[in-house]
Amino acid sequence: MGQAGSGLRPCVLFVLPDFAGGGAQGVMLRLLAGVDRSRFTPKVVVLNGDGPLKDVVSADVAVHDLQRARLRQSLPRLIGALRQVRSSIIVSSLGYTNMAVLALRSFLPSNPRILIREANTPSRSLSNTSWPTVYRRGYRILYPTADLVMCPTKQIKQEMVDAYGVAESRALCLANPIDRESIRREAASPVRFPGQGRRFVAGGRLTAQKGFDLLIQMLVRLADDTHLTLVGDGPEVSNLT
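Just so you know, these numbers come straight off a predicted model, no measurement behind them.

A. View of the packing of helix α3 (residues 95-103) against helix α5 (residues 132-142). At their nearest, the axes of α3 and α5 sit 10 Å apart, and the two run at 45 degrees to each other. The orientation of α3 with respect to α5, classified from their angle, is oblique. Judged by the sense of rotation from one axis to the other, the crossing of α3 with α5 is left-handed. Across from Gly95, Tyr96, Met99, Leu102 and Ala103 in α3, the residues of α5 making contact are Tyr135, Gly138, Tyr139 and Leu142.

Structure below.
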């Protein structure tokens, strides 16, 4: 995968768990697409390279697929990949991936800056994990060591500072990037589901956390000709359709 970058350009390495169609992965890939190629060389390390978003990665970006389904299976290969790339900056998202990268920092010879993105409010999301106490301790120990913690909302940023000890100067509120041109193109010719009743559309990763099941339950309060279209994919797809 080369050294710090092509020519004199420093390498910015994005670490992803997979290329699934989740919001966190989509945000990371949009950030990657926005990297100034005249100043930096972007690369990707992905724990598992499967998923619908793999085709979104630009052809000029080197992808190192560790081919492992779980983080604990990926750690030896992840250490090797991080050491091999010798990046100047590492960018990571999702709590467990962030903590792994931060914990491995002392093994990296290039002493890179580590930028992490926290997609959710931990006080609400950690209750859905298998080991919430372990995760909370990891947040308190490891997150303050990051060079920058990017948060999509002010609420998440404040929780990082107040509950997990991240310095105010290292917490940044960065709104999720969106592809406006793509959205406008797709919205130019809307397709309405047949019928006269109200039509609703909801999009997102089909997981329990998103609460689409609650949205479906609310439909019984509306007229019989009401229709809801869900746009997305995820582990709950069979339970929602």
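Now that the structure has been shown, we can carry on.
B. Up close: the packing of α5 against helix α6 (residues 154-164). At a minimum axis separation of 9 Å, α5 and α6 run at an interaxial angle of 90 degrees. Classified by the interaxial angle, the pair formed by α5 and α6 is roughly perpendicular. Residues Arg136, Tyr139 and Arg140 of α5 form the contact with α6, whose own contacting residues are Met160, Ala163 and Tyr164. Along the lines of polarity and charge, the residues of the contact of α5 with α6 split into 4 nonpolar, no polar and 2 charged.

C. Geometry of helix α2 (residues 71-85). Along its length, α2 shows its largest kink, about 40 degrees, at Arg77. Every buried residue of α2 is accounted for by Leu71, Ser74, Leu78, Ala81, Leu82 and Val85. Where α2 is buried, its residues meet β1 (11-18), β2 (41-48), β3 (62-65), β4 (89-93) and α3. Remark: Arg86 follows α2 within two positions and exhibits a positive phi of approximately 55 degrees.

D. Structural context of unusual backbone geometry. Here the phi dihedral of Gln67 falls at roughly 55 degrees; this positive angle occurs in a residue that is not glycine. On the secondary structure map, Gln67 appears in the loop between β3 and α2. If you check the backbone angles, Arg86 has positive phi at about 55 degrees while not being a glycine. Of note, Arg86 is situated in the loop between α2 and β4.

Quick notes on the rules
The numbers attached to residues start from 1 for each chain and follow its sequence in the written order. Where local features are concerned, this predicted model is filtered to residues with pLDDT of at least 70; where side-chain atom pairs are given and counted, the filter is 80 or more; whole-chain, interface and lining totals use all residues. Side-chain measures were taken over the full set of non-hydrogen atoms in the model, leaving aside hydrogen atoms and water. Fitting a line to C-alpha atoms yields each axis, with helices limited to the stretch in contact; the angle taken between N-to-C directions then spans 0 to 180 degrees. A run of DSSP states H or I qualifies as a helix once it reaches four residues; a run of E qualifies as a strand once it reaches two. Both are numbered from the N-terminal end. Angle categories: roughly parallel below 35 degrees, roughly antiparallel above 145, roughly perpendicular from 65 to 115, and oblique for all the rest. For a crossing to be left-handed, the near helix must be turned anticlockwise from the far one by less than a right angle; the clockwise case is right-handed. Two residues form a contact once any of their heavy atoms are found within 4.5 Å. Under the convention adopted here, Pro, Cys and the residues Ala, Val, Leu, Ile, Met, Phe, Trp and Tyr are nonpolar, Asp, Glu, Lys and Arg are charged, and Gly plus all remaining residues are polar. The angle between axes fitted to the seven-residue stretch ending at a residue and the seven-residue stretch beginning at it gives the bend at that residue. Only protein chains enter the accessibility calculation, which uses a 1.4 Å probe; a residue whose area is less than 20% of its type maximum is buried, one above 50% is exposed, and one in between is partly exposed.

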